[in-house]
Amino acid sequence: MTAAAPVELRGLRKTYGELVAVDDVTLTVAAGDVYGYLGPNGAGKTTSLRMMLGLITPTEGEVRLFGEDPIADPVAALADVAGFVEEPAFYPYLTGRRNLELLAALDGSDGERIDEVLRLVELDGRAGDRVRGYSHGMRQRLGLAAALMRRPRLLLLDEPTTGLDPAGMRDMRDLVRRLAGEGITILLSTHLMSEVEQLCNRLAIIQLGRIRYEGELADLVARADGRYRLDATDPARAAEICRATPGIRDVSEEDGSVRFAAGAAAAATVSVRLAQDGIGVRALVPGGRSLEERFFEITEGEG
Amino acid sequence: MTGRAYAWEVRKLAAQRRTYLGLAAAAVAPIVLVVAIRVRPPHPTDPGSPFFLRYAVDSGLAVPLLMLLFASVWLFPLVAALVAGDIVAAEDGNRTLKTILTRSAGRGAIFVAKVAAAFTYVLAALLTMVVTSLVAGGLSSGIHPLPTFSTVVSPSRALLLIAGSFAVYALPALGIAAIAVLFSTISRNSAAAVVGTLLAALLMQLTQILPVLDSGAAQRWMLTTQLQAWQALFRTPLDWAPVLHAAYISVVYAVPALAVAWVHFLRRDVAG
């Protein structure tokens with residue numbers, strides 16, 4: 001028998017009156033994935049995560065975590081799952097440690113991992129302070145500590161680096177990388193494309209509640225193969241030369257650069273012709289479209 | 001799991017200021033009453049003053065009973081509402097419901113733990129009030145035989161009756177707490193739940209003065225009226241009918257309130 005996937009969403013839909021927050025979302029997160037759930041603010045990422053965690057009931061469709069339904073039986077479905085949605089929330093009048101003790105008690109544990117996870121997120125020095133005095137970053141780290149205390153096989157993280165300073169973001173990403181290396185499946189909801197590029201192997205792009213792309217990150221970026229970005233001393237004339245060169249297609253000018261699709265031989269021909277025409281080439285870069293550009297192509301209807 | 005969740009609900013209450021506000025009110029009110037009695041002692045033959053007030057100078061054992069009488073108007077509904085009205089809504093206010101509902105305790109266990117903790121607090125506040133009343137009354141007037149509606153009872157008998165009175169008083173007080181839990185669950189706003197509970201208690205008491213209602217019949221069905229049922233214990237022979245009626249009415253209010261709150265808590269979306 002095949003083991004159930006950590007996350008399976010089938011036709012998931014959530015409406016609030018006329019508003020459709022999530023519309024027919026279908027995706028599968030396989031064991032070992034670091035799965036990016038990428039979309040702009042208000043795209044439906046957090047609503048999807050809430051449904052995965054059994055916090056809100058889908059209007060239609062189904063959620064399965066390791067084959068269990070978090071709406072029908074949240075305790076069973078979340079047994080190997082941890083995470084947080086939006087900013088992790090704690091009791092402000094309790095210390096960080098007390099908050100973790102409470103959550104450990106609700107897990108039926110004696111909190112034997114509290115010291116370990118506090119050290120892991122580097123909060124051991126402030127664990128005795130009340131949470132009301134914590135910064136946003138400290139709360140994010142406490143949220144991660146609370147999640148890790150459960151020894152999850154699946155981590156659902158909603159914008160874990162939002163509001164962190166650059167060092168905090170780097171540390172959080174390092175931690176996510178490390179956890180993934182330990183075999184924990186991670187679903188990372190984010191609007192930061194760099195985060196997905198750095199951490200994820202698969203992703204779904206969601207916009208206005210609908211999935212626009214679902215698959216391997218490498219496949220998505222590979223679609224940009226054969227494209228080039230050209231920075232030249234005379235972009236307008238360079239674009240004309242590109243258009244006139246056999247094997248060059250989809251020529252456009254954007255932000256002072258010329259972009260085109262071509263085979264390697266045609267790209268070499270262009271560089272020679274530009275030189276013959278007295279046009280200086282500052283850069284001729286293959287793979288001219290980043291995930292960011294692919295994202296906008298997809299979400300703005302060009303993909 | 002419910003036991004662990006309950007223990008933590010109690011610890012959370014113990015870490016909050018509002019908990020001590022209610023307990024302090026329950027502890028200070030009897031002292032204020034005793035001081036007032038010392039400053040302006042009631043006359044034993046004054047027909048306008050409450051029965052036990054007339055004897056508060058002669059026996060400190062009258063003080064807890066006076067507290068039950070006075071606290072039933074607004075003090076105890078307020079004390080009960082202060083914590084029971086906050087116990088679910090505070091999770092919405094702190095946005096911690098999502099934190100605790102994604103652990104290994106089901107929603108049902110969390111709800112039961114919260115109700116049990118709210119009830120524990122109400123009983124603790126009552127106990128605080130009775131102990132402070134006895135100490136303050138004892139220090140002020142001494143522990144002497146207590147006149148009842150029918151006779152005079154010994155201090156030991158009076159203490160037994162006082163304990164019974166607080167037990168009878170606890171039933172409608174828990175009913176009020178159940179209503180506060182309902183408002184807390186549905187409104188998701190602590191202030192609205194506290195004010196709503198107080199308004200409900202005051203509206204019930206208004207039936208005493210609204211001529212449009214057959215106030216006698218209406219009052220029999222009001223939860224707040226049951227806060228006076230303990231007085232039946234001070235008649236000879238002892239009259240159990242008002243006590244049983246108070247228990248019945250308390251259940252009639254508390255069970256539907258908790259049932260509606262339970263269903264709402266189990267089914268609600270946690271979107272905040």
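What you see is a predicted model, and the numbers here were worked out from it, not measured in a lab.

Student: Help me out: how do you make sense of the overall build of chain A in this one?
Tutor: If you tally the helices and strands in chain A, you get 11 helices and 13 strands. Counting only C-alpha atoms, chain A reaches 75 × 45 × 40 Å along its principal axes. Out of the 303 residues belonging to chain A, those deemed buried represent 52%. Within chain A, residue pairs in contact and separated by at least 24 positions form 65% of the contacts whose partners lie at least 6 positions apart.

Student: Looking at this model, I keep getting lost on helix 4 (residues 75-84) of chain B. Mind explaining?
Tutor: One turn of the α-helix equals 3.6 residues, which is why residues spaced by three or four share an orientation. All names here are of chain B. When you tally the buried positions in helix 4, you get 9 out of 10 residues, the bulk of the element. What helix 4 keeps buried is the set Leu75, Phe76, Pro77, Val79, Ala80, Ala81, Leu82, Val83 and Ala84. In the core, the buried residues of helix 4 are packed alongside helix 1 (2-14), helix 2 (17-39), helix 3 (62-71), helix 7 (107-141), helix 8 (155-187) and helix 9 (190-206).

Student: For this particular structure, what's the right way to read the pairing of strand 7 (residues 185-190) of chain A?
Tutor: Looking along a regular strand, one sees side chains alternate from face to face of the sheet. Along strand 7 of chain A, 6 of the 6 residues are buried, which leaves the element largely enclosed by surrounding structure. Burial of the side chains of strand 7 of chain A extends over both faces: A:Thr185, A:Leu187 and A:Ser189 are buried on one face and A:Ile186, A:Leu188 and A:Thr190 on the other.

Student: Could you clarify how one ought to interpret the pattern of salt bridges in this entry?
Tutor: Side chains that carry opposite charge are capable of pairing whenever their charged atoms lie near each other. By the definition in use, this model includes 35 salt bridges over all chains. A:Asp107 is the salt-bridge partner of A:Arg150, the closest N and O atoms lying 2.5 Å from each other. Of this pair, A:Arg150 sits in the loop between helix 5 (136-148) and strand 6 (154-158) while A:Asp107 sits in the loop between helix 3 (96-106) and helix 4 (114-120), placing them 43 residues apart in sequence. Judged by its relative accessible area of 11%, A:Arg150 falls in the buried class. Note that B:Lys114 and B:Glu9 form a salt bridge whose closest N and O atoms lie 3.1 Å from each other. In this pair, B:Lys114 is assigned in helix 7 and B:Glu9 in helix 1, connecting sequence segments 105 residues apart. By relative accessible area, which is 7% here, B:Glu9 ends up buried. One continuous salt-bridge network, built from bridges that share partners, spans A:Arg13, A:Asp23, A:Glu60 and A:Arg210.

Student: Help me understand the confidence of the model for chain B, please; the structure alone is not making it clear to me.
Tutor: In regions of low pLDDT, the predicted coordinates are not meant to be interpreted in detail. Residues and elements named next belong to chain B. Scored by pLDDT, chain B has a mean of 91; 98% of the residues are at 70 or more. Looking across chain B, the model is least confident in helix 10 (residues 215-220), with a mean pLDDT of 78, and most confident in helix 11 (residues 241-267), with 96. Quick note on the complex model: pTM equals 0.86, ipTM equals 0.86.

Student: What am I meant to see in the environment of B:Ala167 here?
Tutor: Residues and elements named next belong to chain B. Along the polypeptide, Ala167 turns up in helix 8. Take Ala167: its relative accessible area is 46%, and that puts it in the partly exposed class. For the pair Ala167 and Leu127, spaced 40 residues apart in the sequence, the C-alpha separation amounts to 9.9 Å.

Student: Sorry if this is basic, but what is going on with the sheet that holds strand 7 of chain A here?
Tutor: Strand pairing in a sheet relies on backbone hydrogen bonds. The paired strands run either parallel or antiparallel. Residue and element names in this part refer to chain A. Strand order in the open sheet formed by 6 strands is 5-6-7-3-8-9, with mixed pairing between adjacent strands. Of all strands in the sheet, those bounded by a partner on one side alone are strand 5 (81-84) and strand 9 (210-216). In this sheet, neighbouring strand axes are inclined to one another by 15 degrees on average, regardless of whether the strands run parallel or antiparallel. Contacts from helix 1 (residues 45-52) reach strand 3 (34-38), strand 5, strand 6, strand 7 and strand 8 (202-207), with the element oriented near 145 degrees to strand 7. On top of the sheet, helix 6 (residues 166-181) reaches strand 3, strand 6 and strand 7; it is set at about 150 degrees to strand 7, its chief contact.

Student: Would you explain the interface of chain B and chain A in this entry?
Tutor: Note on interface size: it is often stated as the accessible area lost on association of the parts. The interface of chain B with chain A comprises 29 residues on the first partner and 33 residues on the second. Summed over both partners, the interface of chain B with chain A comes to about 2700 Å²; 55% of that surface belongs to carbon and sulfur atoms. Across the contact surface, chain B and chain A share 4 salt bridges. Between B:Arg95 and A:Glu86 there is a salt bridge, with its nearest N and O atoms 2.9 Å apart. The interface formed by chain B and chain A holds 22 residue pairs in polar contact (both at pLDDT 80 or more) in total. Those elements that provide at least two residues to the side of chain B that touches chain A are helix 1, helix 5 (89-94), helix 6 (97-100) and helix 7 of chain B. Residue contributions to the side of chain B that touches chain A peak at 5 residues, all from helix 1 of chain B. Of the residues in the side of chain B that touches chain A, the class split is 10 nonpolar, 8 polar and 11 charged.

Quick notes on the rules
- Residues numbered from 1 in each chain as written.
- Chains lettered and ligands numbered in written order.
- Predicted model: local features only at pLDDT ≥ 70, side-chain atom pairs only at ≥ 80, totals over all residues.
- Heavy atoms only, no water.
- Helix = DSSP H or I, 4+ residues; strand = E, 2+ residues; numbered from the N terminus.
- Buried < 20%, exposed > 50% of the residue type's maximum accessible area, 1.4 Å probe, protein only.
- Contact = heavy atoms within 4.5 Å.
- Salt bridge = Lys/Arg side-chain N within 4 Å of Asp/Glu carboxyl O.
- pLDDT = per-residue confidence, 0-100.
- Pairing = 2+ DSSP bridges.
- Axes fitted to C-alpha atoms, helices over the stretch in contact; angles between N-to-C directions.
- Buried area = accessible area lost by both parts, 1.4 Å probe.
- Polar contact = N/O pair within 3.5 Å; in protein donor to acceptor, adjacent residues only side chain to side chain.
- Nonpolar A, V, L, I, M, F, W, Y, C, P; charged D, E, K, R; others polar.

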